[in-house]
Amino acid sequence: MDVQMRPGVQALIVPSKKFKTVRIDVHFLKNATVAELAPRTLVANLLETSTQRYVNQIQFTHALSAMYGASFGVGAGKKGNLHDIGFSITVANDHYTGGQSLVRMAIEFLNEVISHPLASNGRFDEQTFARQKTNLINYVDSANEDKQFWASQQLRKLAFGANRIQGVPSYGRRADLQNLQNEQVYATYLSMLRHDLVHISVSGDVDEQKVLEDLAILELPERKVQLGSVITKFNSLPKPRHRVANQAVQQARLNLAYDIPATVVSDNFHAAVVFNALFGGSPQSKLFLNVREKASLAYYASSSLDLYNGLLTVQTGIEASNYAQAKQIIQQQIVDLQAGQFTESDLTSIKAGLRSDYLAGLDLQRTIHRRGLNEYLLGFHRPAEQWLNDLDRVGATEIVEIARQLKPRAEFFLNGDND
């Protein structure tokens, strides 16, 4: 059941007796700008650790323990053109608690976290703010030490530009984080609380009407929200962008980006998914078998899809001296797929793996919630039976067509040779 609780506040209730837990997610979404990524990420970190009632981490943890060890988390991330601050709590089903309503307790806890942060006079608690800001900057610095992550971010910056949210990490730019002031971040929090689209999802063995009554606890006033499209169609570049960086690393990284003519709602969505799995998105893929295993040119080689922005990316770890050969053999896999050089058995095996992964996801509450949110934002519903039927219908012709329409967009090479 998907209902509007009040203007700008949406609730999806998914009753199911197959889960022994009840999961509740609350998402705050808005059209994002690059400048807002850093303060919104810090807001998420601040709200995850303390409230007016639970002023420190010990009290916060005790509150979760009182709900039979409920799991809780807050995260911030990008979804196409949108920025999302998400709260999630999972508790045992009320049938196992001797009459105690953990669902209501969980909703009350969420309301405390979301609406009553440890703050006063237009500022977060100074000590908490300073600690979380430092923790976030340290996290960013440590993330950048992961050279594959860093190389992937450099590729996205090349592909989309440094001033588009698609080209910037979800936590924003380090310089923006460093310059954040308490009042600024608190103002960002208030804007989130009052103006963001709110999407709530609940799954488990619950009574729909009772859950809706309990959700009324949440102090979320109505709001007027006009979200833009989640999906962005980027025009092809006149010519691919290239960049080389030299660092003292033992393993070089060659990352490539291609425009792919598909989105999460397009008719050829499944063809793109199957193509990616056949090309580099599975252990049975051409990149894995031919670049990594047969030619021994890469420590790893894989591909991934971003169908909110029409992008296919390739990630490899190689010896710097193998750059030209590795790039050539990667391109050869695309040429082979354009020529239809794969067997019906390859296609059947790839689709069987995708079918298995999809069915496994139906048994995960987080997957159900993610799909429900995506379908609401996209205004597009693809039932499980249709998803599987559309997957089965993908044939060799559709794979070849996707391969032939790929266009190189960007290349980033992290060279391990400083000479």
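Residues numbered from 1 in each chain as written. Predicted model: local features only at pLDDT ≥ 70, side-chain atom pairs only at ≥ 80, totals over all residues. Heavy atoms only, no water.

Identification of the protein chain as Peptidase M16 inactive domain protein from Pediococcus acidilactici DSM 20284 is taken from an unreviewed UniProt entry.

## As for the packing of aromatic side chains
Note the cut-off: Pairing of aromatic side chains requires ring centres within 6.5 Å, counting the rings of Phe and Tyr and the six-membered ring of Trp. Pairs whose planes differ by under 30 degrees are stacked, by over 60 edge-to-face, and all others tilted. Think of it this way: any DSSP run of H or I at least four residues long counts as a helix, any run of E at least two long counts as a strand, and we number them from the N terminus. In this scheme, a residue with accessible area under 20% of its type's maximum is buried, one over 50% is exposed, and one in between is partly exposed, where area comes from a 1.4 Å probe on protein chains only. Geometrically, a charge over a ring is one whose NZ (Lys) or CZ (Arg) sits within 6 Å of the ring centre while staying within 35 degrees of the ring normal.
For the coordinates displayed, the defined rule picks out 15 aromatic pairs. Plain terms: the ring middles of Phe-275 and Phe-279 are 5.6 Å apart, the flat faces sit at 20 degrees to each other, and that makes the pair stacked. Note that Phe-275 and Phe-279 are positioned in helix H9 (residues 269-279) at a spacing of four residues, about one turn of the helix. With relative accessibility at 0%, the residue Phe-279 sits in the buried group. The interplanar angle of 40 degrees and the centroid separation of 4.6 Å between the aromatic rings of Tyr-323 and Phe-413 together place this pair among those described as tilted. Of this pair, Tyr-323 sits in helix H11 (residues 323-338) while Phe-413 sits in strand E13 (residues 407-415), placing them 90 residues apart in sequence. Members of the aromatic cluster, each reached through a chain of ring pairs, are Tyr-54, Phe-60, Phe-72 and Phe-109. Above the ring of Trp-150, the side-chain terminus of Lys-147 is found at 5.7 Å from the ring centroid.

## Focus: the pattern of salt bridges
When the charged atoms of two side chains with opposite charge come close together, those side chains can pair. Put simply, the rule is: We define a salt bridge as a side-chain nitrogen of Lys or Arg found within 4 Å of a carboxyl oxygen belonging to Asp or Glu.
Here the structure, examined in full by the defined rule, presents 17 salt bridges. With a shortest N-O distance of 3.1 Å, Asp-25 and Arg-23 are connected by a salt bridge. The pair formed by Asp-25 and Arg-23 is uniform in burial state, with each residue classed as buried. Arg-393 serves as the salt-bridge partner of Asp-390, at 2.4 Å between the closest nitrogen and oxygen.

## Focus: the sheet that holds strand E12 (residues 311-318)
Let me state the cut-off plainly: Whether two strands pair depends on DSSP finding at least two bridges between them. To get an axis, fit a line to the C-alpha atoms, keeping to the stretch in contact for a helix; angles then go from 0 to 180 degrees between the N-to-C directions. Here, residues are in contact when the closest pair of their heavy atoms is within 4.5 Å.
Taken together, five strands build an open sheet; the order of strands is E9-E13-E10-E12-E11 and the sheet is mixed. The open sheet has two edge strands with one neighbour each: strand E9 (241-246) and strand E11 (300-306). Taking the axes of each pair of neighbouring strands and ignoring which way they run, one obtains an average angle of 15 degrees across the sheet. Of the strands in this sheet, E11 and E12 touch helix H10 (residues 286-294), which is tilted by about 155 degrees from E11.

## Comments concerning the packing of H9 against H11
Working note: a packed helix pair is described by the angle between its axes plus the distance between those axes. Let me state the cut-off plainly: Any angle from 65 to 115 degrees is called roughly perpendicular, while one under 35 is roughly parallel, one over 145 is roughly antiparallel, and all others are oblique. Here a crossing is taken to be left-handed if its near helix is turned anticlockwise relative to the far helix by less than a right angle, and right-handed if that turn runs clockwise. Note that Gly is not counted as nonpolar here; it falls among the polar residues with everything else outside the nonpolar set of Ala, Val, Leu, Ile, Met, Phe, Trp, Tyr, Cys and Pro and the charged set of Asp, Glu, Lys and Arg.
With their axes 11 Å apart at the nearest point, H9 and H11 run at an angle of 135 degrees to one another. Here H9 is positioned oblique relative to H11, judged by the angle of their axes. Considering the relative orientation of H9 and H11, their crossing is right-handed. Contacts between H9 and H11 involve Phe-275, Leu-278 and Phe-279 from the former and Ile-330, Gln-333, Ile-334 and Leu-337 from the latter. Here the contact of H9 with H11 is composed, by residue class, of six nonpolar, one polar and no charged.

## Concerning the domain arrangement of the protein chain
Filter applied, for reference: What counts as a domain boundary in this text is fixed by an automatic or database domain assignment. Two parts lose some accessible area (1.4 Å probe) when they are put together, and adding that loss for both gives the buried area.
Split by domain assignment, the protein chain resolves into domain 1 (1-214) and domain 2 (239-413). Counting from both sides, the interface comprises 36 residues of domain 1 and, opposite them, 34 residues of domain 2. When domain 1 packs against domain 2, close to 2,800 Å² is buried across both sides, 64% of that on carbon and sulfur atoms. Summed over the three residues of domain 1 that lose the most area to domain 2, namely Gln-148, Leu-155 and Leu-158, the buried surface amounts to 23% of that side. Our count for the contact surface shared by domain 1 and domain 2 stands at two salt bridges. In this structure, Lys-18 and Asp-363 form a salt bridge, with 3.3 Å as the shortest nitrogen-oxygen distance. When residues of the side of domain 1 that touches domain 2 are traced back to their parent elements, those giving at least two are strand E2 (9-15), strand E3 (21-31), strand E5 (82-92), helix H5 (147-160) and strand E8 (197-204). In terms of residue count, the dominant contributor to the side of domain 1 that touches domain 2 is H5 (11 residues). The residue makeup of the side of domain 1 that touches domain 2, split by class, is 15 nonpolar, 13 polar and eight charged.

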